[in-house]
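Here is how the chains run, residue by residue.
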Amino acid sequence: MTGDPFLIPPPQNETELMDRAAALAGYTLGELAQRIGLPIPADLKRDKGWVGMLLERYLGASAGSKPEQDFAEIGVELKTIPVDVAGRPLETTFVCVAPLTGNSGVTWQNSHVRHKLARVLWVPVEGERTIPLADRHVGIALLWSPNEEEEQQLRRDWEELMDMIVLGQVTQITARHGEVLQIRPKAANSHALTEGIGRYGQPIMTLPRGFYLKKNFTAALLARHFLL
């Protein structure tokens, strides 16, 4: 936004990013929003990206809605994750849009999913519905890259799901496919259709899909790092 008095430059390195994230821990979303004059929605039903947008402002994220990482200069993606009182994720985590056409030559190594998940700043935020949005606290951030086992899990699921897309089985993919990574429709409404590939290789119109990390994956990741 032009003329925004609260524009923080992107962090120069991971240390600077972690320092900024550490400074936010313990504050409520209301306190942070008030400080920069950002209106607080009553809930997140129509403003799903609001928490991420608020923290992006404080952390100096630069990507906006572009397909690169949020902190493109240092190759880090930001993921806010709503957690319960025990620190367990309350919902799946959106990774990126799933490409339904033009997938020849795409491998796990050069995939968008792998690129997005190579380095992630996880910021847990209280997410219990009983807590008013403004009163929810920001938790301690964690900088993460997939270990060998996690990478293998992600790769297996990605390859299975992409095979289904390429073979014209996109409409048969359900949220149950994949152990840690799933594909789900991602559209504001059922009229927002995009091109895909049908059973016989013919072009079809279908709902846009997105890759999401399942809760079992993010729960294990948080538990290991925070010794829950």
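A few points on the structure. (Residues numbered from 1 in each chain as written. Predicted model: local features only at pLDDT ≥ 70, side-chain atom pairs only at ≥ 80, totals over all residues. Heavy atoms only, no water.)

## What to know about the pattern of salt bridges
Opposite charge on two side chains lets them pair, provided their charged atoms get close.
Here's step 1: Per the counting criterion, the structure on display carries 10 salt bridges.
Here's step 2: Among the ionic pairs, E77 bridges to K116, the shortest N-O distance being 3.3 Å. With a gap of 39 residues between them, E77 in strand 1 (residues 77–83) and K116 in helix 4 (residues 112–117) connect regions that are remote in the sequence. In this pair, the class of E77 matches that of K116, namely buried. (Salt bridge = Lys/Arg side-chain N within 4 Å of Asp/Glu carboxyl O. Helix = DSSP H or I, 4+ residues; strand = E, 2+ residues; numbered from the N terminus. Buried < 20%, exposed > 50% of the residue type's maximum accessible area, 1.4 Å probe, protein only.)

## Considering the sheet that holds strand 8 (residues 209–213)
Here's step 1: Across the sheet, 3 strands lie side by side as 2-8-5; this open sheet has antiparallel pairing. Both edges of this open sheet fall to strand 2 (93–98) and strand 5 (181–185), since each of them pairs with a single strand only. For this sheet the average axis-to-axis angle between neighbouring strands, irrespective of direction, equals 35°.
Here's step 2: Pairing analysis gives 5 bridges linking strand 5 to strand 8, with the strands arranged antiparallel. Paired with R184 across the two strands is G210, which belongs to strand 8. (Pairing = 2+ DSSP bridges. Axes fitted to C-alpha atoms, helices over the stretch in contact; angles between N-to-C directions.)

## A look at the nonpolar core
Here's step 1: Residues V113, L181 and F211 are the most contacted members of the largest nonpolar core, which totals 30 residues.
Here's step 2: Top contributing element to this core by residue count: helix 5 (residues 148–166), with 6 residues.
Here's step 3: Counting 25 residues, the second-largest nonpolar core is a separate cluster that includes L17, L38, L78 and A141. (Core = buried A, V, L, I, M, F, W, Y, C linked by side-chain atoms within 4.5 Å.)

## As for the sheet that holds strand 1
Here's step 1: Strand order across the open sheet formed by 3 strands is 1-3-4, with mixed pairing between neighbours. Looking at which strands have only one partner, the edges of the open sheet turn out to be strand 1 and strand 4 (142–144). Taken pair by pair, the neighbouring strands of this sheet meet at an average axis angle of 30°, ignoring direction.
Here's step 2: Pairing of strand 3 (residues 120–126) with strand 4, which is carried by 3 bridges, proceeds in the antiparallel orientation. Considered in strand 4, the bridge of V120 is made with W144.

## Quick word on the packing of aromatic side chains
Here's step 1: On inspection of all chains with the given rule, the structure shows 4 aromatic pairs.
Here's step 2: With a centroid separation of 6.1 Å and an interplanar angle of 80°, the aromatic rings of W144 and F217 are classed as edge-to-face. Taken together, the positions of W144 in strand 4 and F217 in helix 6 (residues 215–226) put the pair 73 residues apart, joining distant regions of the chain.
Here's step 3: W144 sits in the buried class, given a relative accessible area of 1%.
Here's step 4: One aromatic cluster is present, built from ring pairs that chain together W122, W144 and F217.
Here's step 5: Its guanidinium or amino end placed over the ring of Y27, R35 lies 5.0 Å from that ring's centre, counting from NZ or CZ. (Phe/Tyr/Trp six-rings, centres within 6.5 Å; stacked < 30°, edge-to-face > 60°. Lys NZ or Arg CZ within 6 Å of the ring centre and 35° of its normal.)

## What about the packing of helix 5 against helix 6?
Here's step 1: As a packed pair, helix 5 and helix 6 sit with axes 12 Å apart at the nearest point and diverge in direction by 175°. Our classification of the angle between helix 5 and helix 6 gives roughly antiparallel. For the pair formed by helix 5 and helix 6, the contact residues are E150, Q153 and L154 on the first element and F217, L221 and R224 on the second.
Here's step 2: Here the contact of helix 5 with helix 6 is built from residues that sort into 3 nonpolar, 1 polar and 2 charged. (Parallel < 35°, antiparallel > 145°, perpendicular 65-115°, else oblique. Contact = heavy atoms within 4.5 Å. Nonpolar A, V, L, I, M, F, W, Y, C, P; charged D, E, K, R; others polar.)

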